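# Structural characterization, general
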Amino acid sequence: MNRRTFIEFLGKGTVMASLTPHLLVSNTSFFKEFKGISPSDADELKLAKGLDYDVLIKWGDPINTSDTFGFNNDYTAFLPFDPANPNDGILWVNHEYVDPLFVSNYTGEKEKTKEQVATEQYNVGGSILHIKKNEKGKWEVIQDDHLNKRISGQTKIPFNWEHPIAGKKVAMGTLGNCSGGITPWGTILTCEENYDMFYGERNFKDGSINDKRSFLGWQKQFPNPPEHYGWVVEVDPRTGKAQKHVALGRCAHECATVKELPDGRLVVYSGDDSVNECLYKFISDEPGSLSKGKLYVANVRLGKWMSLHREDNPILQKLFKDQTEVLIRLREAAKFVGGTGLDRPEDIEIDPLNGNVLVSLTNNTGKDNYFGSILKIVETDGDHTALTFKPEKYLAGGKETGFACPDNMAFDVAGNLWFTSDISGSLMHREPYTEFKNNGLFLVPRTGPKAGEVIQIASAPSDAELTGPFFAPDGKTLFLSVQHPGEYSKSTEPEELTSHWPDGKDTLPRSAVVAISGKTLEAIQGLG
Ligand code: FEO
Ligand code: CA
Ligand code: CA
C-alpha cells in the first residue's frame, strides 16, 4: 500500500468522507430508542443490545510454533493490507505488565529467580498478528503466519538518537506498553508507561537506583539501566523492527497521537500518566522525522506550549548538561520551564472533524478529583504547530454523567466519541465509586437526539479494565482489549479467583482481545 492511500484509508480520509452523508442521514429513530446498559458488577463482558463479541485471542494462546500471546493486552491497532479489503490485515497488540501470580508463579516468599524474571519479560511488549474475517464473518488469527511475531522485554531495541543512553546504543526490550499510536507510514508507536515498576528509577542526585518503585524487581536479575525505559517505541509490524525515539522524551507515556502536517512534518501529542504530570507535544523539523524536532510541554494556565529545547532556555542550560539529559529527566525539565501538572493525562485523540485535541484526565484523588474529565485543547487557528492554545473542559466524570476516570478514547467513522473508564481495582466498588460498579465502555453520540450525552455500551468482567478500543476502517468491528480480569485474586485456587473470564467455570482469568460487532454498532454510525 502506498503511503498516501494508507493515510486516506486509515485516518481522516475515512472519517471525513463517510461523515458528511451520515450527518444528513438521520439516526434519530435509533437513538430515540437506544438506551445502552446500566452499570454492572457481573463477571462478564456485558454489551448493549444488538452487540456481540468474539474472543479473538487470549493470554498464552500460541501465535506460531515458538511464540505465545503476552499478558495484559492493552492498545490495539488494525492495519489492513489493502484499502479495498478491510477484512484482512495486521493487528498490533500491546502487553503492558504482568501479574507474577499468574505469569511466573511468584508469590513473594523468596527471591524471584532469573528464569521467573525472564518469563515475565517475555510476557510484556507487543504481539503482531495476521488476522482475517472468515467465511462466517468471524475474525480469526492466522496461526503460524510468517507475520506473527512477539516483541518482548527481551528484544534488543536500538535508540534513534546520536548519543548513547546510559552508555549504550541498544536497550534490552520494551515494557509498560500501555497505549500507542500509528504513524502516517503505517508503523506502530507503542508507549512505555509505568517503566519504574520493572527496573526502578535512577536517583539522579547520586546515581543510585530507587528500588522502592520497582514492584517487579527485575533489576535484581538483569541490571539494566532505568534510563532505557519510558520512551515511545516505533515498531514496523511488517518486519518486527523496532526503535526507541529519544526525541519524544522519557516519562510514563500513555500514548503517542500523531498528526501529519500538509508539508509532511509531524506533531505528536503524548501524556505522562501520573498525578500532577504533564502533557507534551513534539513538532518535527523534517517530513516524517521522529528524531529531528522540538519537544514542548503544556502550560495550561497560560495556554502556551513551552519549549524543552535546551538552546531555547537558560534554565535548562544551567541545570542539564545536554539535550540528552533534558530528555531523560523530562519530568524535572518540564516543571522548570513551566509545564502544568495535570490530573493524570492519559489517552489523547484528535477530533477528526475539527482538529480539537481531547485529553483524558483520569483522576487525582490527592486533589479530591475522583471522577476525572476530558480536556479539550483548541490550538490557535487550528494549527497543530501553534505555540498557544485554549484549554476547555470537554466532559466531566461524575454521578450526573454516569462515568468515572476516563482513559482510552476512539472516534468511530461517523465521528462519535467512544471512551473507556479506568477506576483502579483498589477503589472500585468503594465510595465514592460504588454506583459506577465495574469499569466500562461509553459512547458520546455526535448527532441526533442524544448528541453529547454519555451512554454506557459495555461493562468489564470483575477487576478488569477495557482498553485499546480501535475501529476497523469500515466501522463494522470494534477491537477492544479486556485487561487484568481477576487482578485482585488472592491465589490461583479456583475459589480465590475473583474472575473466571473468559472461559468460565473454575478457569484462570485471562486478558483477551475481543472483536465486537452487530447491528447496534452499525446503527450508531449510520452504516446501512
Ligand atoms: Fe496504563 Fe495510563 O494506563
Ligand atoms: Ca491506559
Ligand atoms: Ca489507565
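Keep in mind the model is a prediction, meaning the values are calculated, not measured. (Residues numbered from 1 in each chain as written. Chains lettered and ligands numbered in written order. Predicted model: local features only at pLDDT ≥ 70, side-chain atom pairs only at ≥ 80, totals over all residues. Heavy atoms only, no water.)

## Things to note about the pairing of strand β27 (residues 406-411)
Most of β27 is tucked away, with six of its six residues classed as buried. Sheet topology note: the β27/strand β28 (residues 417-421) ladder contains four bridges and is antiparallel. Bridging across to β28, Ala410 finds its partner in Trp418. With antiparallel pairing between neighbouring strands as the criterion, β27 and β28 make up a hairpin whose turn holds five residues, including Gly415 at a positive phi of roughly 85°. (Buried < 20%, exposed > 50% of the residue type's maximum accessible area, 1.4 Å probe, protein only. Helix = DSSP H or I, 4+ residues; strand = E, 2+ residues; numbered from the N terminus. Pairing = 2+ DSSP bridges.)

## Considerations on the side chain of Gln323
The residue Gln323 is located in helix α8 (residues 323-328) in this model. Exposure remark for Gln323: the relative accessible area of 18% places this residue in the buried category. Setting aside chain neighbours within four positions, we find Gln323 in contact with Trp161, Leu308, His309 and Arg310. (Contact = heavy atoms within 4.5 Å.)

## A short note on the sheet that holds strand β21 (residues 304-307)
Spatially, five strands are ordered β16-β17-β19-β20-β21 in an open sheet, and the strand pairing comes out antiparallel. The open sheet has two edge strands with one neighbour each: β16 (257-260) and β21. Strand-to-strand, the axes of this sheet are offset by a mean angle of 25°, without reference to chain direction. For strand β20 (residues 293-299) and β21, the ladder comprises four bridges, and the chain directions are antiparallel. Across the sheet, the residue bridging to Ala298 is Trp305, located in β21. (Axes fitted to C-alpha atoms, helices over the stretch in contact; angles between N-to-C directions.)

## Quick look at the coordination of the calcium ion (ligand 3)
Glu346 (OE), Glu346 (OE), Asp407 (OD) and Asp422 (OD) make up the full set of protein donors to the calcium ion (ligand 3), lying at 2.2 to 2.9 Å. The sequence pattern describing where the donors of the calcium ion (ligand 3) fall on their chain is E-x60-D-x14-D. Its relative accessible area of 1% is what places Glu346 among the buried residues. (Donors = N, O, S within 2.8 Å, 3.2 Å for Na, K, Ca; no water.)

## With respect to the coordination of the calcium ion (ligand 2)
Metal coordination angles in their ideal form are 109.5 degrees for the four-donor tetrahedron and 90 or 180 degrees for the six-donor octahedron. Coordination sphere of the calcium ion (ligand 2), protein contribution only: Cys178 (SG), Glu254 (OE) and Asp407 (OD), at 2.4 to 3.0 Å. Between consecutive donors of the calcium ion (ligand 2), the numbers of intervening residues give the motif C-x75-E-x152-D. The distance between the calcium ion (ligand 2) and the calcium ion (ligand 3) comes to 3.3 Å, with Asp407 serving as a donor to both metals. Of the two residues, Glu254 is situated in the loop between β15 (242-245) and β16 and Asp407 in strand β27; the sequence distance between them amounts to 153 residues. Each member of the pair, Glu254 together with Asp407, is buried.

## A word on the nonpolar core
By size, the foremost hydrophobic cluster in this structure holds 32 residues, and its most contacted members are Tyr280 and Leu308. Elements represented by at least two residues in this core include exactly β11 (188-192), β17 (266-271), β19 (279-284), β20, α8 and α9 (330-336). Aside from chain neighbours lying at most four places away, what touches Leu308 is Tyr280, Leu295, Tyr296, Val297, Leu316, Gln323, Val326, Leu330, Ala333, Ala334 and Val337. Residues Leu56, Phe78, Phe470 and Phe479 belong to the second largest nonpolar core, which totals 30 residues. (Core = buried A, V, L, I, M, F, W, Y, C linked by side-chain atoms within 4.5 Å.)

## Overview of the pattern of salt bridges
Applying the stated criterion across every chain, the model contains 21 salt bridges. In this structure, the salt-bridge partner of Glu379 is Lys281, at a minimum N-O distance of 2.9 Å. Placement of Glu379 in strand β25 (residues 373-379) and of Lys281 in strand β19 is noted, with a sequence separation of 98 residues between them. An identical accessibility class is assigned to Glu379 and Lys281; each is buried. Taken together, the shared-partner salt bridges connect Asp272, Glu277, Arg331 and Lys335 into one network. (Salt bridge = Lys/Arg side-chain N within 4 Å of Asp/Glu carboxyl O.)

## Let's talk about the sheet that holds strand β30 (residues 455-459)
Read across the sheet, five strands follow the order β1-β30-β29-β28-β27 without closing on themselves; strand pairing throughout is antiparallel. Strand pairing shows two members of the sheet lacking a second neighbour, β1 (46-47) and β27, which therefore form its edges.

## Quick word on the pairing of β25
Along β25, six of the seven residues are buried, which leaves the element largely enclosed by surrounding structure. As paired strands, strand β24 (residues 357-361) and β25 are joined by five bridges and run antiparallel to one another. Pairing of Ser360 across the sheet is with Ile374, part of β25. With seven bridges connecting them, β25 and strand β26 (residues 389-396) associate as antiparallel partners.

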